[in-house]
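Next come the chains, spelled out residue by residue.
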There are 4 protein chains.
Amino acid sequence: MQARVRRFALAHPADTEAFARAVAEGAVDPRRIVAVIGKTHGNGLVNDYTRGHLTLALSLVLAGPLDLDARAVARRVPFIFSGGVEGVLSPHFTVFEALPDGAPPKAGAKRLALASLFTDPPAPEDIGRQAQIDAVAAGVRAAIDKAGIEQAGDVRLVQVKGPCLAAREIAEAAARGRPAASDNPDTLMALSRMAAALGVAKALGEVPAGDCLEAHLGARRDLFSRVASISSGVEVETNEIVVMGNAAGWSGRLAIAQAPMADALDVQAVHTVLDALGLSARPQLGPADRGRLKAVFVKGEPDRSGRLRGRAHTMLNDGDMNAQRHIRAALGALLAGVTGETELFVSGGAEHQGPDGGGLVAAIAEMPA
Amino acid sequence: MQARVRRFALAHPADTEAFARAVAEGAVDPRRIVAVIGKTHGNGLVNDYTRGHLTLALSLVLAGPLDLDARAVARRVPFIFSGGVEGVLSPHFTVFEALPDGAPPKAGAKRLALASLFTDPPAPEDIGRQAQIDAVAAGVRAAIDKAGIEQAGDVRLVQVKGPCLAAREIAEAAARGRPAASDNPDTLMALSRMAAALGVAKALGEVPAGDCLEAHLGARRDLFSRVASISSGVEVETNEIVVMGNAAGWSGRLAIAQAPMADALDVQAVHTVLDALGLSARPQLGPADRGRLKAVFVKGEPDRSGRLRGRAHTMLNDGDMNAQRHIRAALGALLAGVTGETELFVSGGAEHQGPDGGGLVAAIAEMPA
Amino acid sequence: MQARVRRFALAHPADTEAFARAVAEGAVDPRRIVAVIGKTHGNGLVNDYTRGHLTLALSLVLAGPLDLDARAVARRVPFIFSGGVEGVLSPHFTVFEALPDGAPPKAGAKRLALASLFTDPPAPEDIGRQAQIDAVAAGVRAAIDKAGIEQAGDVRLVQVKGPCLAAREIAEAAARGRPAASDNPDTLMALSRMAAALGVAKALGEVPAGDCLEAHLGARRDLFSRVASISSGVEVETNEIVVMGNAAGWSGRLAIAQAPMADALDVQAVHTVLDALGLSARPQLGPADRGRLKAVFVKGEPDRSGRLRGRAHTMLNDGDMNAQRHIRAALGALLAGVTGETELFVSGGAEHQGPDGGGLVAAIAEMPA
Amino acid sequence: MQARVRRFALAHPADTEAFARAVAEGAVDPRRIVAVIGKTHGNGLVNDYTRGHLTLALSLVLAGPLDLDARAVARRVPFIFSGGVEGVLSPHFTVFEALPDGAPPKAGAKRLALASLFTDPPAPEDIGRQAQIDAVAAGVRAAIDKAGIEQAGDVRLVQVKGPCLAAREIAEAAARGRPAASDNPDTLMALSRMAAALGVAKALGEVPAGDCLEAHLGARRDLFSRVASISSGVEVETNEIVVMGNAAGWSGRLAIAQAPMADALDVQAVHTVLDALGLSARPQLGPADRGRLKAVFVKGEPDRSGRLRGRAHTMLNDGDMNAQRHIRAALGALLAGVTGETELFVSGGAEHQGPDGGGLVAAIAEMPA
């Protein structure tokens, strides 16, 4: 197998024109799509409907080629969209495909390997609880197998989109006598991320086995996965899991690297990832290197202490602009400064995903032949 | 003369505790303050009252030592505050003093020179018009003289805080039959910045002489000053001007450097400024260099084309989060990534201040003895 | 002919479940739909994509029954959506149909008459200019004829959705050498509303004939239509016009009434409209009367003087929450207080639609048999 | 004793000009001020500094006359400010004084009685916990005695401003090993309101005695006070309590009435209160009645079910505009529609203050002689 990764700019949340053309021309093969991951125009919060809007628009494009109705498409292809392109970021989506073998890499080189799956839809009351942790853990293990990644240490990124509930669905769950894990939509959205993150960590042995992890959600921030990148949104009904790593069984020229970010100013982590891929930013990637860079993923969050390297930040006290919008704008610019690229998957809400107050950065690049 | 530059963190918009202690202990000399420049907690827009709040709090601290009432303090000391510490930025203010001569620099070295003044208060209808351009131009020329900067080419930063009007004052001006330059408070706030910027450019000969510049406000973006950094706000009633440059007549160890930024990702400009001050960011300033960095000023704005290096950005279409908040968050993180410092004066609204879609970066550092 | 008016709640911006069922069961006849008018979940500003999202979802439902593809549906049926359901307002849409004759009303009674049409798509540079005024005026005249409303004085509401441009399209227009009427997306959105409003006023003879009205857009607020209700949005490409009034040639039990609102507190105007329809709010409509109320339309805007009945308001100075969101929340609650109903079409941006600082209120109710 | 109540408009958050003049002219007697209650320009959330700004400005005016320094003024006079004047609301503050006896009311009439006090400053970890409930309960009992209100049933309004913490102070409390009741500033702000509300309810016997109420904060919404109106903010360090009712021992012409609001559309409750004061709104108060209306207090909140009278509202899912801003805009307009007045104290966050999903309305008016 070999992976193919292709980015499409979004002029608006339902902009599928270039994608439809690529499908029509055979440049994208609908049956080989492993996942579509993107950043849409919305605020990235509970009332961000641009994620669902793009899901609907892409489903309509793929319905014919896949011979499914639009709703069934979204149950087959993981559409993992995160809203919020603050500051210099640019709305886009990236299509990940698994194709038949290509040119074999030089001996011993591992190449980008990937696979995706959906867990069973959780009951509303299971979101943000142990049941979600366990479902994600089992799903991640299965996806690693499916991708043919033989060593857990070769997993570089586990992207999960988890479900959450709007206020009305939370009230309905309470009325049924099986209340959701929180009665606040924002909090539940965070709990869904946290549960999925610890699910990834459990699958990869990054946290102690046998623990009841639910009790640690949001509390034991020293428990985390180094490779989890989690979003949640009302537009999905189950956990959508995509695993990426490097594996000997894959061919082509793509590879993935990743590093934890210690805090929101950890520029060194970005350089570490770029260096691992043979990309040189002195101080910024030039056009050739930028052309080789196929995808960048960043997760981060405002340090909960209200301080960053000893200085106060104001992100968590701001009633006008959600902290997620602050941190995405900041991390997006930090990454864009180094890479010269603004089509970056930058996402907030990094609880249990990398060190507390930090997060992770990962990138996929084309390696020299 | 020698300049002294000292930063104070702001735990809240009226946090003058450390400053009051510094005054009491003689570490700041109220009679020698040339300007106080800072970033406060607010949104940096028309309804940002944190700028006035800090002005009131600082005026109360200085009233006794200066033997003035609080209102008179604010007419003597330029308090130039810009709201908006989005993302990783940290609220703070910097006190600039002009002290008697210190150790002479090595032969031929020029050192940080500065001076400030207030123009006469403009009539409401003069804001954002030729009258403001001319008043600022005359003020800048006088301040350059006052600072003893002999060559216009040695001016590195002209910081101006211009007046603007809230909706009610705009309506009152219209009712008097002398309408303001715009009936929209946000637009007038921008016109005040633009007029002050072209005033600086006129004083420094950066735009053709003899022109009626008012007609070009906001239109001829190819007309700009390379050293202007302008804010406006309802809390000031006149143009407050601070000129900084390097001059032979000044002693001590501080120097200032500056460069235009071509766009919001122009990391090279930041390195150019740091290099000029002998600071090395590979990729980020280390603690020693960061200790030498005394102040950083950045102006920038979202590219009006809706694109940045060919990619769409969403800053100008966002009805929830003002474009200024987007760009400050982005530029703040870009600068903080390189410097490792978050107490930065980052301000949006860079019309006619540096290249269109870009802006400027300036820094003050302690030079080797 | 007789009009049928039916409301559907929106659980999310693509919630067409109940509508699809109604179509399947024959409770709505797709071929007889004159217009669909609704309030969606977004912010009602330039980056509100929920209007387009609902348009796409409804088009998909109607594509089969109308034997058109989704895009063609939106060119046949006016979908007029306004974002922003602040405060107590509830997202919903209302389907207006023109059916064959029903029970004749008592002698002399006029009944709800309606018709819709699309103008030709304007060039980008024509939006907010005289060309749009004239196109709307011609369209309104044609729609009045089509509805069979014989006297202009019987027109009660002309709902128009006009086109506007995002930042990028504005920049493209400028690059083509035919710049849009404003380079600011928000301003252009307002100009599109203003031009359509004066177009309505021109068609109905409410403004002096022969005038070049473009020069008065936003300036001569004494020029207005008493029956215009205008929205604009990037999701439409032409002027979509719906005319409603009472006419002798229509049967059934529905009628429409309308009154200008003098300011945002003009509760008397609401009672005037309800009284005209035989509805009694003392102080609030009871369940029976509320059941007879089929649709309510309100347009209004923050008084540009910054004052309302002598007191300052803060809507126009707020950099965090757009003035439109303020006024919709306020007018929505004012109307909901009187009617006890929250599925109301409340829309800001009432320039040239009713008295300056005020707006209009209209309602459709079922009359006694 | 007799109460005096006087309102001052706020042109900006530090606008004390008219107040200072009133003090200078003897129209307000600083030594007789019981409380100052007002609505300021900010967002009413954690980062609303306009409350502290006005507190500072008023303290400076009163410092001379009270012969205290500004900080001591704020420890003597309760300044209870709530930010957020959304929609039609107008920023203002109301000064409540207790003067020597005036003209006795007609036999048997009870007149407005009031008193205020401060509790001891709570430890950070006590905010939003049983300790705060008990401190407020004891304070309310003492203030009722002080006001000479003999029957608990004559208490009409207990206004409390409670303390809360910004993110940094929350982190500091955690670092000291005594964590605050929540690590989220918004949540803690709500817990402070809830604890104060149940403290009022406990003092008035509205909830079962002997209960550990802390466990019910936010959960048992059937437990509430019918007269509590609570705000919290980082600008106060203790619970500031103001009790108002009608009592036989007071003279003058002012009286207070109050009613619970069942939900956000309970217009009948407003009429009940106005009727009790002999004011007639048919449909809106006329100028004479409006002149007699001295103060209006409203507390309310978005129904947590996500529904209002069976219809969905969007307030709790909105990531751009805080739910408090939604509900204040709505309730403010509802009340302004009935009273014709926009200087209203409308405040969100009504947990345990009136029925769940509703709140309370209270008004003070001048009674016929």
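Residues numbered from 1 in each chain as written. Chains lettered and ligands numbered in written order. Predicted model: local features only at pLDDT ≥ 70, side-chain atom pairs only at ≥ 80, totals over all residues. Heavy atoms only, no water.

Caption draft 1: The pattern of salt bridges, seen in detail. Applying the stated criterion to the full structure yields 98 salt bridges over all chains. Between B:Glu235 and B:Lys161 there is a salt bridge whose closest N-O contact spans 2.8 Å. Of this pair, B:Glu235 sits in the loop between strand E7 (228–233) and strand E8 (240–247) while B:Lys161 sits in strand E6 (residues 155–163), and the two are 74 residues apart along the sequence. The exposure class of B:Glu235 is partly exposed, given its relative accessible area of 25%. With its nearest N and O atoms 3.6 Å apart, the salt bridge here joins B:Asp289 to B:Arg292. Placement of the pair is B:Asp289 and B:Arg292 together in helix H8 (residues 287–292), with a separation of three residues, close to one helical turn. The pair formed by B:Asp289 and B:Arg292 is uniform in burial state, with each residue classed as buried. Each of A:Glu86, A:Arg325, A:Arg328, B:Asp318 and D:Asp320 takes part in salt bridges that share partners, so that together they form one network. (Salt bridge = Lys/Arg side-chain N within 4 Å of Asp/Glu carboxyl O. Helix = DSSP H or I, 4+ residues; strand = E, 2+ residues; numbered from the N terminus. Buried < 20%, exposed > 50% of the residue type's maximum accessible area, 1.4 Å probe, protein only.)

Caption draft 2: Region of the structure containing the interface of chain C and chain A. Between chain C and chain A, the contact holds 12 residues from the first and 12 residues from the second. With both sides pooled, the region where chain C packs onto chain A buries about 1,000 Å², and carbon together with sulfur makes up 73% of that total. Three residues stand out in chain C for area buried against chain A, namely C:Tyr49, C:His53 and C:Leu56, and they jointly supply 49% of the buried area on that side. Taken together, chain C and chain A are joined by zero salt bridges. Element by element, the count of residues in the side of chain C that touches chain A is highest for helix H2 (residues 50–66) of chain C, at five residues. Split by residue class, the side of chain C that touches chain A holds five nonpolar, five polar and two charged. (Contact = heavy atoms within 4.5 Å. Buried area = accessible area lost by both parts, 1.4 Å probe. Nonpolar A, V, L, I, M, F, W, Y, C, P; charged D, E, K, R; others polar.)

Caption draft 3: Seen up close, the confidence of the model for chain A. Averaged over all residues, the pLDDT of chain A is 95; the fraction at 70 or higher stands at 100%. This prediction of the complex comes with two scores: 0.96 for pTM and 0.95 for ipTM. (pLDDT = per-residue confidence, 0-100.)

Caption draft 4: Layout of the relation of the copies chain A and chain B. Once chain A is rotated about the relating axis by 180° and shifted along it by 0.0 Å, it coincides with chain B to within an RMSD of 0.0 Å. Put plainly, the chains are arranged around a two-fold axis. The fraction of interface residues of chain A whose copies in chain B are also interface residues reaches 100%, indicating that both copies meet through the same surface. (Least-squares fit on C-alpha atoms with pLDDT ≥ 70 in both.)

Caption draft 5: Local environment of the sheet that holds strand E4 (residues 92–99) of chain D. Residue and element names in this part refer to chain D. Reading across the sheet, the four strands line up as E1-E4-E2-E3 and stay open at both edges, with mixed pairing between neighbours. The open sheet has two free edges, formed respectively by strand E1 (2–9) and strand E3 (79–83), since each of these has just one partner strand. For this sheet, the mean inter-axis angle between neighbouring strands, taken without regard to orientation, is 15°. Packing against the sheet, helix H2 (residues 50–66) makes contact with strand E2 (33–40), E3 and E4, and its axis sits at approximately 150° to E3. (Pairing = 2+ DSSP bridges. Axes fitted to C-alpha atoms, helices over the stretch in contact; angles between N-to-C directions.)

Caption draft 6: Quick look at the relation of the copies chain C and chain A. Of the transformation superimposing chain C on chain A, the axial component is 0.0 Å and the angular component is 180°, with the fit at an RMSD of 0.0 Å. When you check the interface residues of chain C against chain A, 100% turn up at the interface there too, and the contact is symmetric in its surfaces.

Caption draft 7: Focus on the sheet that holds strand E2 (residues 33–40) of chain C. Residues and elements named next belong to chain C. The mixed open sheet is built from four strands, whose spatial order is E1-E4-E2-E3. Both outer strands of the open sheet, strand E1 (2–9) and strand E3 (79–83), are each paired with one neighbouring strand and no more. In this sheet, adjacent strand axes meet at a mean angle of 15° when their direction is disregarded. In the sheet, E2 pairs with strand E4 (residues 92–99) via six bridges, with the strands oriented antiparallel. Bridged to Ile33 within E4 is Glu97. Here H2 sits on the sheet in contact with E2, E3 and E4, set at roughly 150° to E3.

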